[in-house]
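Results of the structural survey
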Amino acid sequence: MIYVNYLHFCQNLLKFRPNIQARLYMCTTVLEKEDDIEAPSINYLSSSNHYKIGRKHAAEKLQELFNLKPSDAIEVALRFNKLTKVMTKTITDNYDLLKQKHVPQEIILSYLDVLAEPNLMEKIKLLKPLSLPVSQLFPLLLMSVEDIKKFVNTNVVDKRCVHSGRIVYIATLLNISVYDAAKALLRKPFLRRINLDTLKQKIDFLLGWGITMEEISNDYWILAYNESMIKERIEFVKQCNVDKIKTWMVRAPIHILNR
């Protein structure tokens, strides 16, 4: 009796063994598939660092790109607040683009907000007709796309700009570098559209009254004033027995000069 029962047990075991093997195979297959899925998730986690936003992540990215000390990187991130509002990927991509255009790190550090520009490539392309290195035009990259378009178009309508470009002509008039002229154009929008003949007349007029080019370069706003008004102020200052005329004297209200 015992032998018969044992025989039935063995037969049943053999009967169901294929199912057992199939289940084991299915389990193994599922585990292998799960292992395959794990790798992309790891890559996703590592790449997610490129999409972080905030002061901490901006500082870490600056530290990485410019080899800054952690404390210096945080200070820079605080100064250039735009960097804290974009993804670190934007900062990296813009940095790589500027390095491709051979822009030195010291120039990038001077205008770090450029790294936060969402359409940097478009701006660089718009400036291409000026036929100047991006490093020389760098401050202009902080202008809006529309302002860059308008500025570049002035080279078409201004006869003096046909060969050298307005920015080069202004740099020559003021005896400064093209890079410094770009800084002036960024900070003093009236220089982007002022008639160049009028600009030259004002500069010559000021120089004729003993105001140095260095003083003019340190106070571009004086070039925004009407020439007759400049002359009137200079004559008034002369009547006050002032030996050396400064640009601020031309811009100052009369009651200040009367003190």
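Everything below is about the structure shown above.
The rules behind these values
Residues numbered from 1 in each chain as written. Predicted model: local features only at pLDDT ≥ 70, side-chain atom pairs only at ≥ 80, totals over all residues. Heavy atoms only, no water. Helix = DSSP H or I, 4+ residues; strand = E, 2+ residues; numbered from the N terminus. Buried < 20%, exposed > 50% of the residue type's maximum accessible area, 1.4 Å probe, protein only. Areas by Shrake-Rupley, 256 points an atom, 1.4 Å probe, with all protein chains shown as cover. Phe/Tyr/Trp six-rings, centres within 6.5 Å; stacked < 30°, edge-to-face > 60°. Core = buried A, V, L, I, M, F, W, Y, C linked by side-chain atoms within 4.5 Å. Contact = heavy atoms within 4.5 Å. Arc of directions from axis to C-beta.

1. Thoughts on the overall build of the protein
Within the protein, the regular secondary structure consists of 15 helices and 0 strands. Here the protein holds 259 residues, and 38% of them are scored as buried. Of the accessible surface of the protein, which amounts to about 16,300 Å², a share of 56% is contributed by carbon and sulfur atoms.

2. Observations regarding the packing of aromatic side chains
Enumeration over the complete set of coordinates arrives at 4 aromatic pairs. A centroid spacing of 6.4 Å and a plane angle of 65° characterise the contact between Tyr-111 and Phe-138, whose relative ring orientation is edge-to-face. With Tyr-111 in the loop between helix H5 (105–110) and helix H6 (120–127) and Phe-138 in the loop between helix H7 (134–137) and helix H8 (145–157), the pair connects residues that are 27 residues apart, well separated along the chain. Exposure class is identical for Tyr-111 and Phe-138. Each is buried.

3. Side note on the nonpolar core
Core analysis: the largest hydrophobic core is formed by 71 residues, its most contacted members being Leu-98, Phe-138 and Leu-223. If one sorts the elements of this core by residue count, helix H10 (residues 178–187) sits on top with 7 residues. If sequence neighbours within four positions are ignored, Leu-223 has contacts with Leu-174, Phe-190, Ile-194, Leu-199, Lys-202, Ile-203, Leu-206 and Ile-216.

4. Thoughts on the side chain of Thr-247
Among the secondary structure elements, Thr-247 is positioned in helix H14 (residues 247–251). You can call Thr-247 buried: its relative accessible area is 7%. Excluding anything up to four places from it in sequence, Thr-247 contacts Ile-211, Glu-215, Ile-216, Asp-219 and Ile-222.

5. Digging into helix H3 (residues 70–79)
Regarding H3, the residues found buried are Ala-73, Val-76 and Ala-77. Looking straight down H3, one finds its buried side chains confined to an arc of 100°; they lie on one side. Contact partners of the buried residues in H3: helix H2 (55–66).

6. Focus on unusual backbone geometry
Phi angles above zero are rare outside glycine, and Asn-67 is one such case at about 55°. Tracing the backbone through its elements, the reader meets Asn-67 in the loop between H2 and H3. With relative accessibility at 71%, the residue Asn-67 sits in the exposed group. Here Ser-131, not a glycine, exhibits a phi torsion of approximately 55°, which is positive. Classification of Ser-131 as exposed rests on a relative accessible area of 62%.

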